[in-house]
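Structural description and commentary
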Amino acid sequence: MSLSHRAGYVVGVLITLLALSHDCQARVHSHGQFVRIKGTRFVLHRSYFVFNGFKSCWMMHVAADPSERYKVSKTFREAAAAGLSVCRTWAFSDGGDRALQISPSVYDERVFQALDFVISKASRHGIRLILSFVNNYKDFGGRPQYVEWARNAGVNVNGEDDFYTNPTVKKYYKNHVKKVITRMNTITRIAYKDDPTIMAWELMNEPRCQADYSGRMVNGWVQEMASFVKSLDKKHLLEIGMEGFYGDSMPKKKVNNPASYNQVGTDFITNNLIKEIDFTTIHAYPDIWLSGQNDSAQMDFMKRWMHSHSIDSNKILKKPLVLAEFGKSNKDSGHSLGERDQYLRKVYESMNKFEQTGGGIGGSLVWLFMAKGMDSYGDGYGIILSQHASTRGVISGQSHKMTTLSRMLLRGKHGIKVGFLKAWRHLNSCSPF
């Protein structure tokens, strides 16, 4: 190793140690402030906030049974130990088993207290939450349940896409949003709208629309609902919940979409240009979207997908970007734990390299964290950190790098960015993760 490389490596190690020390201290009092936006970056405690996180949609549903709440606690505890600082989960369960909303505006207080528990435990472990208001799919109720409620009430609805336009259905949704945002947590005694543990609200998980492929119908709904959320709560950030498919506003960009996903009724550019939307999101499942292609082709797509959205979020939308869902299924042919670890490692490496070229992704959320004994919730993407040591090592390594990058970006803001980004390159090239 040359002298210059050795010096860069030492600087990188020192920065990492300082960052980890700062991170351990910050977790004790991290929830006194809200996460904010500055340009294309998240900001927390006057520092840039770049995070590694996870998605666990099941938390409220499981916590509704007090005897199973230890699974929520254990997942947060293991995630915090791995340096993860953000979790995306559901603030809805519409009809069906352990429903939060039994029928329009009728709630099960027992389930609401389960959500109170989830938020209180996240706060205790220094983890911030992105809470989603509704699902696009029938899982946990979603759009289909809202439309069915309206139909049962005698409202003339044609199909699930009436969710975006029917006044009655939109009123149901707004009532739920208001109920959640204004909820007083029975454990912390803090209203949700005043709780910094919540990083952001999400309008819907993966909105799609078959009635209008142009994206204009969804765009109108996003504008209306985003304005409504901000009228209730100006403290928290807001995002849509999009997968990232390009639409008709910039047709040339549709080449970046998976071949069979050019008509899903959303438009990454126009939907995210709405001023009330604070940051953009993408999801990525090349093992599903490109199921007939080999691992190399799927990874190449993943890199292009992240890179194109990173550039567009920075240059066109001028908002931070979050990779809000990604993973690799153990149901894939020839799957092994080593292959998943390698996939996660390559995704993280690609994200980190974007920082060296002025791009950048504000954070990532791997799907799906679970606790032991939750096989019924698994869909092939489940990760149990206590059982998968090698995966835990890959994820912990990325967490440490994100903490280090946050410190570098702070110092860069004060005029020594070039030197620290050189150290960032050394840190990535020498990292054992």
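Residues numbered from 1 in each chain as written. Predicted model: local features only at pLDDT ≥ 70, side-chain atom pairs only at ≥ 80, totals over all residues. Heavy atoms only, no water.

The strands making up a sheet associate through hydrogen bonds between their backbones, and the pairing can be parallel or antiparallel. Taken together, 8 strands build an open sheet; the order of strands is E10-E9-E8-E5-E4-E13-E12-E11 and the sheet is parallel. If you trace the sheet from one side to the other, it starts and ends with strand E10 (237-239) and strand E11 (280-284), each paired once. If you compare each strand with its neighbour and ignore which way they point, the axes differ by 25° on average. Pairing between strand E4 (residues 51-55) and strand E13 (residues 363-367): 5 bridges, direction parallel. Its bridge partner lying in E13, Lys55 is registered against Trp367. (Pairing = 2+ DSSP bridges. Helix = DSSP H or I, 4+ residues; strand = E, 2+ residues; numbered from the N terminus. Axes fitted to C-alpha atoms, helices over the stretch in contact; angles between N-to-C directions.)

Take the nonpolar core next. Counting 104 residues, the largest nonpolar core has Phe54, Phe76, Phe163, Tyr173, Trp201, Leu203 and Leu323 as the members making the most contacts within it. With 8 residues, helix H4 (residues 109-124) is the single largest residue contributor to this core. Ranked by size, the runner-up nonpolar core spans 14 residues in total, among them Phe42, Ile130, Met199 and Val322. (Core = buried A, V, L, I, M, F, W, Y, C linked by side-chain atoms within 4.5 Å. Buried < 20%, exposed > 50% of the residue type's maximum accessible area, 1.4 Å probe, protein only.)

Further remarks concern the confidence of the model for the chain. Low pLDDT marks stretches whose predicted atomic positions should not be read closely. Scored by pLDDT, the chain comes out at a mean of 89, with 86% of its residues at no less than 70. Confidence, read as mean pLDDT per element, is least for helix H1 (residues 3-26) in the chain (42) and greatest for strand E8 (residues 128-132) (99). Here residues 1-30 is modelled with pLDDT under 50, and outside its nearest four sequence neighbours on either side it reaches 35 contacts, counting other chains as well. (pLDDT = per-residue confidence, 0-100. Contact = heavy atoms within 4.5 Å.)

Counting buried positions along E13 gives 5 out of 5 residues, so the element sits mostly inside the fold. Here E13 shows no split at all, with Gly363, Leu365 and Trp367 on one side and Ser364 and Val366 on the other all buried. In terms of strand pairing, strand E12 (residues 321-326) meets E13 through 3 bridges, oriented parallel. Residue pairing across strands places Leu323 opposite Ser364, the latter belonging to E13.

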